[in-house]
Amino acid sequence: FPIRPDRFHARFRKFHLIFLKRFRSQIPAMMRHLTLRLVDRLAHVTNELAQAPATLIHVDTHLDNILTEPPDTVVLLDWPSAMTGPAAIDLTRFMATSLPAPIHQSVESQILAEYLATLHADGVTGYTLSDLRQHLTLAGLRLWAGMVTGYTASIGQALTDRPQILQQDRKS
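All values reported here derive from a predicted model rather than from experimental measurement. (Residues numbered from 1 in each chain as written. Predicted model: local features only at pLDDT ≥ 70, side-chain atom pairs only at ≥ 80, totals over all residues. Heavy atoms only, no water.)

Draft legend 1. Structural detail: helix α3 (residues 88-98). In terms of burial, α3 is largely enclosed, as eight of its eleven residues are buried. Along α3, the positions that sit buried rather than exposed are A88, I89, D90, L91, T92, F94, M95 and S98. (Buried < 20%, exposed > 50% of the residue type's maximum accessible area, 1.4 Å probe, protein only. Helix = DSSP H or I, 4+ residues; strand = E, 2+ residues; numbered from the N terminus.)

Draft legend 2. Molecular detail of the nonpolar core. In this structure, F12, F19, L38 and Y127 are the most contacted members of the largest nonpolar core, which totals 33 residues. Counting residues per element, the ones that place at least two in this core are α1 (5-23), α2 (29-49), α3, α4 (101-121) and α5 (129-171). With residues up to four places along the chain from it excluded, the contact list for F12 reads T35, L38, V39, L42, A145, V148 and T149. (Core = buried A, V, L, I, M, F, W, Y, C linked by side-chain atoms within 4.5 Å. Contact = heavy atoms within 4.5 Å.)

Draft legend 3. Layout of the side chain of H135. Assignment of secondary structure puts H135 in helix α5. Of the polar contacts made by the side chain of H135, one reaches the side chain of Y127; its length is 2.7 Å. Aside from chain neighbours lying at most four places away, what touches H135 is E48, L49, A52, A88 and Y127. (Polar contact = N/O pair within 3.5 Å; in protein donor to acceptor, adjacent residues only side chain to side chain.)

Draft legend 4. Structural context of the packing of aromatic side chains. One pass over the full model with this rule turns up three aromatic pairs. Measuring from ring centre to ring centre gives 5.1 Å for F19 and F23, while their planes differ by 45°; the resulting arrangement is tilted. Residue F19 and its partner F23 are located together in helix α1, separated by four residues, close to a single helical turn. Taking the relative accessible area as the measure of exposure, F19 reaches 8% and is therefore buried. Through successive ring pairs, a cluster of aromatic residues spans F19, F23, W144 and Y151. Here R142 stacks its cationic end above the ring of F8, 4.0 Å away from the centre of that ring. (Phe/Tyr/Trp six-rings, centres within 6.5 Å; stacked < 30°, edge-to-face > 60°. Lys NZ or Arg CZ within 6 Å of the ring centre and 35° of its normal.)

Below, the structure written as structure tokens:
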């Protein structure tokens with residue numbers, strides 16, 4: 001996790017300035033600063049996160065991939081990106097992309113306690129709430145780096161394809 005960290009870090013290094021230039025006015029100063037600092041620290045973030053207990057992770061946990069059935073059945077859909085990695089990846093993605101801030105704040109302690117209890121029940125030992133919180137922070141940094149890289153790459157591809165699309169439109 002990630003499958004090729006060296007490639008991930010190289011892509012982030014390549015795209016972060018393009019992202020910041022394009023979205024500077026839409027990103028809070030704190031996030032711009034964090035993005036710049038992350039360039040030299042992403043390898044450390046990834047290495048530290050890799051020290052977390054490994055488990056099967058879905059990698060794309062958000063509400064569109066979750067079904068619930070009463071009374072307490074949860075079904076995760078869309079598993080093509082699944083891999084072994086730190087459990088904090090799934091929890092961070094879910095909490096960051098699926099819970100509005102007020103709800104996130106009101107249920108965070110309960111979610112973390114239940115998540116940690118589930119890890120312990122499934123055989124993970126010696127893993128504390130403090131460890132989980134540290135790994136959630138690291139996973140959040142990695143999630144941000146992935147969003148910067150992925151979004152910039154997709155914008156770049158769209159910009160690269162634009163002359164071809166315009167040329168095709170002219171031929172039609």
